[in-house]
Amino acid sequence: VEEPAGTMSVVTVNLRAVTSWVGITRLFAVVLSCVAFSLVASTEDFGNTYGTWCMFTWCFCFTVTLLVLVLELLELYPKLPLSWDDFTSAFSMLAALMVFTASVVFPSIFISSPCSGSKCARQAVATTVSCLCFLAYALEVGLTRAKPGDISSFLSTVPGLLKVFEAYVACLIFSLLDIYGLEASLQWCVAVYSICFIITLLIIIFTIGRCLSYMSCPLEKMLVGYNALALVMYITATILWPFRKFTGRVRPSNCGRGCSWDKDLGVTFLTIFNLIAYLVDLIYSTRMVFIRAR
């Protein structure tokens, strides 16, 4: 039935958006992220790259979480051309990873020892609040994670959450890549990071945009095949990168902040983290396909 001309559609208010456990967790995340960037703004510790990243993290998470709350409170999200459950699951996982990184980077860069004065106190409180914000987003990930056997929202399953983790770790690797020269082995490692990141990011985007359903090929089996290929590629990078970077090298005595040796070591550990992530992803994806086949 068409509405008469001149009538206004009634906006429905869904109070469960802020009274459910997930809603309360999001409210805490909004408040905590707001407090974190407000305290850091008062100390003016956001002039360099690290400070800018931390401020962006808190502001970005605050803005998107508040937007999610408003859209769910007014029940406007069904009008959006995307899978809402996949989007909120992916964002909560991304926010947890970003805030965790900021909670580690900020105190290690800006809090000096010995620490005294009101500025140091605000920095310490901002760090504590950021850690609590990370716990809020981690709790949201746990509350919205799909139950075993439920694949209606792919990005809320363990393989889906791992996709977000893999893409984020790859971004951290890119931020640490310094000099890899013209050596074929190191160029291969960078190619591994890039190819896997692009494909994983496309999977996330297509899932949120509901584009994967239009593919005629067996998607679940393709994801298992991709995870196996990515695992093999990361195994080669896990071997080649430290071998080429650290063979015959020791840490320089004057290796300060931003030292290339430390960056190479960070890339090594992050490569191992993503290797483990792709291994777990492959195991869970295989189990999901096997269960569905039964």
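Values in this document were obtained by computation on a predicted structure and should not be read as measured data.

A. The overall build of the protein, seen in detail. What the protein contains, in helices and strands, is 9 helices and 0 strands. For the protein, the proportion of its 294 residues judged to be buried stands at 43%. In the protein, once contacts between residues fewer than 6 apart in sequence are set aside, the share between residues at least 24 apart is 78%. Roughly 16,000 Å² of accessible area belongs to the protein as shown, and the carbon and sulfur atoms make up 70% of that amount.

B. Structural context of the packing of helix 6 (residues 158-176) against helix 7 (residues 184-208). Where helix 6 contacts helix 7, the two axes come as close as 9 Å, and the packing angle between them is 140 degrees. Looking at the two axes, helix 6 sits oblique to helix 7. Crossing hand, helix 6 versus helix 7: left-handed. Contact residues: helix 6 offers Lys163, Val164, Glu166, Ala167, Ala170, Cys171, Ile173 and Phe174, while helix 7 offers Tyr193, Ser194, Phe197, Thr200, Ile203 and Ile204. Looking at the contact of helix 6 with helix 7 residue by residue, the class counts come to 10 nonpolar, 2 polar and 2 charged.

C. Representation of the nonpolar core. Formed by 71 residues in total, the largest nonpolar core has its most connected members in Trp58, Tyr137, Ile173, Tyr193, Cys196 and Tyr234. Within the residue set of this core, elements represented by two or more residues are helix 2 (21-43), helix 3 (49-73), helix 4 (84-110), helix 5 (117-144), helix 6, helix 7, helix 8 (219-246) and helix 9 (260-293). For this core, the leading source of residues is helix 4, giving 14 residues. Here this core spans two domains, and each of domain 1 (11-149) and domain 2 (157-293) adds at least three residues to it.

D. Focus on unusual backbone geometry. Even without glycine at this site, Glu75 takes up a positive phi of about 55 degrees. Tracing the sequence through the fold places Glu75 in the loop between helix 3 and helix 4. Notably, Arg210 is not glycine yet its phi reads approximately 60 degrees, a positive angle. When its relative accessible area of 47% is taken as the criterion, Arg210 is described as partly exposed.

E. Structural detail: the pattern of salt bridges. Throughout the structure, instances matching the rule amount to 5 salt bridges. Residues Glu140 and Arg26 are paired through a salt bridge, measuring 2.9 Å at the closest nitrogen-oxygen approach. Linking Glu140 in helix 5 with Arg26 in helix 2, this pair joins segments that are 114 residues apart in sequence. Of the two residues, Glu140 and Arg26, neither departs from the other in class, the shared state being buried. When the shortest N-O distance is used, the salt bridge between Asp281 and Lys163 registers 2.4 Å. Residue Asp281 is found in helix 9, and its partner Lys163 is found in helix 6; the two are separated by 118 residues along the sequence. For the pair Asp281 and Lys163, a shared accessibility class is recorded, and that class is buried.

F. Structural view of the packing of helix 2 against helix 5. Where helix 2 meets helix 5, the closest approach of the two axes is 8 Å, and the angle between their N-to-C directions is 155 degrees. Between helix 2 and helix 5, the angle is such that the two are roughly antiparallel. Crossing hand, helix 2 versus helix 5: left-handed. For the contact of helix 2 with helix 5, the per-class residue count stands at 17 nonpolar, 6 polar and 4 charged.

G. Representation of the UniProt feature "transmembrane region" (unreviewed entry) in the protein in the model. The positions UniProt marks with the feature "transmembrane region" (unreviewed entry) are residues 20-41, 53-71, 91-112, 124-144, 164-181, 188-208, 223-243 and 264-284. In this annotation, residues 91-112 is assigned 91% helix and 0% strand; the end-to-end C-alpha distance for the span is 32 Å. This span, residues 188-208, is 100% helix and 0% strand, and a straight line between its end C-alpha atoms measures 30 Å.

H. Representation of the side chain of Asp86 in the model. By secondary structure assignment, the location of Asp86 is in helix 4. One buried charged residue, Asp86, forms no salt bridge at all, with the nearest opposite charge on Arg210 at 6.7 Å. For Asp86, the contacting residues outside a window of four places in its chain are Ser153, Phe154, Leu155, Ser156, Thr207 and Ile208.

I. Here's a closer look at the side chain of Thr238. Along the chain, Thr238 turns up in helix 8. Within the structure, the side chain of Thr238 is placed 2.6 Å from the backbone oxygen of Tyr234, a separation counted as a polar contact. Setting aside chain neighbours within four positions, we find Thr238 in contact with Thr271, Ile272 and Leu275.

J. Highlighting helix 5. End to end, helix 5 covers 41 Å across 28 residues, agreeing with the expected 40 Å (1.5 Å per residue, within 8%). Within helix 5, the full set of buried residues consists of Cys120, Gln123, Ala126, Thr127, Val129, Ser130, Cys133, Ala136, Tyr137, Glu140 and Val141. Residues of helix 5 that are buried sit in contact with helix 2, helix 3, helix 4 and helix 6.

Scoring rules and cut-offs
- Residues numbered from 1 in each chain as written.
- Predicted model: local features only at pLDDT ≥ 70, side-chain atom pairs only at ≥ 80, totals over all residues.
- Heavy atoms only, no water.
- Helix = DSSP H or I, 4+ residues; strand = E, 2+ residues; numbered from the N terminus.
- Buried < 20%, exposed > 50% of the residue type's maximum accessible area, 1.4 Å probe, protein only.
- Contact = heavy atoms within 4.5 Å.
- Areas by Shrake-Rupley, 256 points an atom, 1.4 Å probe, with all protein chains shown as cover.
- Axes fitted to C-alpha atoms, helices over the stretch in contact; angles between N-to-C directions.
- Parallel < 35°, antiparallel > 145°, perpendicular 65-115°, else oblique.
- Left-handed = near helix turned anticlockwise from the far one by under 90°.
- Nonpolar A, V, L, I, M, F, W, Y, C, P; charged D, E, K, R; others polar.
- Core = buried A, V, L, I, M, F, W, Y, C linked by side-chain atoms within 4.5 Å.
- Domains from an automatic or database assignment.
- Salt bridge = Lys/Arg side-chain N within 4 Å of Asp/Glu carboxyl O.
- UniProt positions renumbered as here; feature names shortened; annotations may be inferred.
- Lys, Arg positive; Asp, Glu negative; His and termini not counted.
- Polar contact = N/O pair within 3.5 Å; in protein donor to acceptor, adjacent residues only side chain to side chain.
- Expected span 1.5 Å × (residues − 1).

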